[in-house]
Amino acid sequence: MRVTLQEELDSLQADMLEEGDLVLRSLRGALNALRESDAELADEVIEFDDEVDRRYLAIEQGVEVLLARQTPVAVDLRLVLAMLHINLHLERMADYCVTIAKLTKLVADHDSEPGMIQAFEEMGSRGEEMIKVALDAFVDRDVERASSLVDLDELIDRANRRVVRHVLDLGPDPALSEWGLRMIVVSRCLERIGDHAVDIGEQVAYLVTGEFREFTDASHERQSSQ
Amino acid sequence: MPTDTMTTVMPIEIAQRSERTRLPTKLEPVFEISALSVSYGSTPAIREVTFDIGRNMVTAIIGPSGCGKSTFIRVLNRMNDLVPSARVSGKVLYHGEDLYRPRVDPVQVRRRIGMVFQKPNPFPKSIFDNVAWGLRVLGMKDDLKGRVERALEQAALWDDVKDRLKKSALGLSGGQQQRLCIARALAVEPDVLLMDEPASALDPIATSRIEDLMHELKQNYTIVVVTHNMQQAARVADMTAFFGIEVLPDKSRTGVLVEYDETQKIFTQPSDERTEGYVTGRFG
């Protein structure tokens, strides 16, 4: 039994799950700020990203040291490589939360639209669920749960398309159009968070099976989905 | 539990046989080993080993102490003949010919299938005489100088020793002595080079020279290397065979082939959990 290697792997996994919790808090904060048009809360979300980045860097450096000193192979190597990817996906998700917070500040004086807010709330809750499912699947090495992320993602994608249609229906008023464009970016950020959760699921499948395969292939619609 | 032990023993044989069909198509067998078992007196050393060793490849044999790695490669050039109590059963085909047929001359076998040992073992003679020794014994005396020079060149030792060929081989460093032993094996123009822990007594720089050498030599030779150093297997071998230890119902321990596959597969995605346990350092 390689005690040091196992301890380091365990500690990296724990750090990554904590990073996941930070991303969930960031996403919840961004959604609340958006709903309440709360610029102060949006600022907190932006500042909070430093926490995620610190965790991200610590994991990245931990992986580097582990590779250099422990030369993991087989399932250990796959775990380290999967963590390297998952770490990046989580950090990107947090960046999208920052973008949502920045856009919230830009539109804070605009009247919020209940329909739009509801769509974002729905997308955001889905996103939160997907992050939890992705991390649970990672902890349990559960490929089936990981591949269920594709269906959850489809729901976010649909909501995203609804937002786009809604914005197109706003008409030619330039002020409204500007607001609408910003809302499309918010929607796109939430949609991308879902995509990153699916990517984490793909890493879980790689970790378990040893073969990397995209659950869905963007260039060949849904053909390769499980 | 005897019955449990038997059930864990049985599937290996089945797995082994199916392995053969999964090997890379480019593998052109030099050795075809079938149901090979070796025992020393009543003590079994390896049991029912079946796999092919490919030409111009480095094949690594890895596994815990006592798994029969060294016994296995000694079978390949009939070195076990020198151990009176050794009993070999099963088949070892070398280029399609049964190595253990009565009329096969073990001396000729060892000429074609050379061996390099863990500890460099030069004779207390000059560098030149060490390499020329096998040539003289086998009557390969034409162009003796040329043959010695070529062997030393192939072993990446020529530049180190060309000005002191008459000096004692014992004055060389450990790494140089090991390359001298490789030159000695190569001088008689073998086809296969068996290496039993060839770098385990060497420092990292000398080790890396031996590993580079294996990489070069496989263009012209087939190399089978036993190593305790898994990273060495990962670095140098094309194919890797993992030998494990099975405990039989009568409590006797014997070496078995657990998994044989491309090295890359063994070190990224082994098929057998015992291989996984060994290469990740969790057992053995």
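Report follows, based on the coordinates. This is a predicted model, so every value here is computed, not measured.

To continue, consider unusual backbone geometry. When glycine is set aside, most residues are seen to have a negative phi, and most peptide bonds are trans. All names here are of chain B. The residue A35 is not glycine, and still its phi comes out positive at about 45°. Of note, A35 is situated in strand β1 (residues 29–40). A positive phi angle is found at K251, which is not glycine, with a value near 75°. With respect to the helices, strands and loops of the structure, K251 is situated in the loop between β9 (239–247) and β10 (253–262). Given 8 C-beta atoms within 10 Å, K251 falls into the exposed group.

Time to look at the interface of chain B and chain A. Facing eleven residues of chain B, the contacting portion of chain A comprises ten residues. Breaking the side of chain B that touches chain A down by element, the ones donating at least two residues are α9 (230–236), α10 (263–268) and α11 (273–279) of chain B. Of the residues assigned to the side of chain B that touches chain A, the class counts are four nonpolar, five polar and two charged.

To continue, consider the pairing of strand β7 (residues 192–196) of chain B. Residue and element names in this part refer to chain B. Of all five residues that make up β7, five are buried, and the element is covered over most of its length. Here four bridges tie strand β6 (residues 113–116) to β7, and the two strands are oriented parallel to one another. Across the sheet, G114 pairs through a bridge with L193, a residue of β7. As judged from the five bridges shared by β7 and strand β8 (residues 222–226), these two strands associate in the parallel manner. The residue of β8 that forms the bridge with L194 is V224. As for the winding sense of the linkage, the β-α-β connection from β7 through helix α8 (residues 204–217) to β8 is right-handed.

Turning to the packing of helix α1 (residues 3–36) of chain A against helix α2 (residues 39–70) of chain A, a few remarks are in order. Residue and element names in this part refer to chain A. Between α1 and α2, the least distance of the axes is 9 Å, while the angle of their chain directions is 165°. By the angle between their directions, the pair α1 and α2 is classed as roughly antiparallel. As α1 runs across α2, the sense of the crossing is left-handed.

Residues and elements named next belong to chain A. Mapped onto the elements of the fold, K102 is located in helix α3 (residues 74–106). Under the C-beta neighbour-count criterion, K102 is labelled partly exposed, with 17 such atoms within 10 Å. A sequence separation of 90 residues divides K102 from L12, and the C-alpha atoms of the two residues are 31 Å apart.

We now examine the packing of α1(A) against helix α4 (residues 114–140) of chain A. Residue and element names in this part refer to chain A. Across the interface, α1 lies against α4 with an axial gap of 10 Å and an inter-helix angle of 175°. The pairing of α1 with α4 is recorded here as roughly antiparallel in orientation. Together, L17, G20, V23, L24, L27, R28, L31, L34 and R35 of α1 and I117, F120, E121, G124, G127, E128, I131 and L135 of α4 make up the contact between the two elements. Among the residues making up the contact of α1 with α4, the classes are represented as ten nonpolar, three polar and four charged.

So, about the nonpolar core. In this structure, A183(B) and V225(B) are the most contacted members of the largest nonpolar core, which totals 81 residues. It is helix α7 (residues 174–187) of chain B that provides the largest number of residues to this core, a total of seven residues. The next biggest cluster of nonpolar side chains, apart from the first, holds 56 residues, and it includes L27(A), Y56(A), A119(A) and I131(A).

All names here are of chain B. For helix α2 (residues 69–76), the buried fraction is high: seven of the eight residues fall into the buried class. All buried positions along α2 are accounted for by K69, T71, F72, I73, R74, V75 and L76. Where α2 ends, the next residue or the one after it, R78, has phi of about 60°, a positive value.

Scoring rules and cut-offs
Residues numbered from 1 in each chain as written. Chains lettered and ligands numbered in written order. Predicted model: local features only at pLDDT ≥ 70, side-chain atom pairs only at ≥ 80, totals over all residues. Helix = DSSP H or I, 4+ residues; strand = E, 2+ residues; numbered from the N terminus. Buried ≥ 20, exposed ≤ 12 C-beta atoms within 10 Å, placed from the backbone. Contact = placed C-beta atoms within 7 Å. Nonpolar A, V, L, I, M, F, W, Y, C, P; charged D, E, K, R; others polar. Pairing = 2+ DSSP bridges. Right-handed = clockwise from strand over helix to strand, strands pointing away. Axes fitted to C-alpha atoms, helices over the stretch in contact; angles between N-to-C directions. Parallel < 35°, antiparallel > 145°, perpendicular 65-115°, else oblique. Left-handed = near helix turned anticlockwise from the far one by under 90°. Core = buried A, V, L, I, M, F, W, Y, C linked by C-beta atoms within 7 Å.

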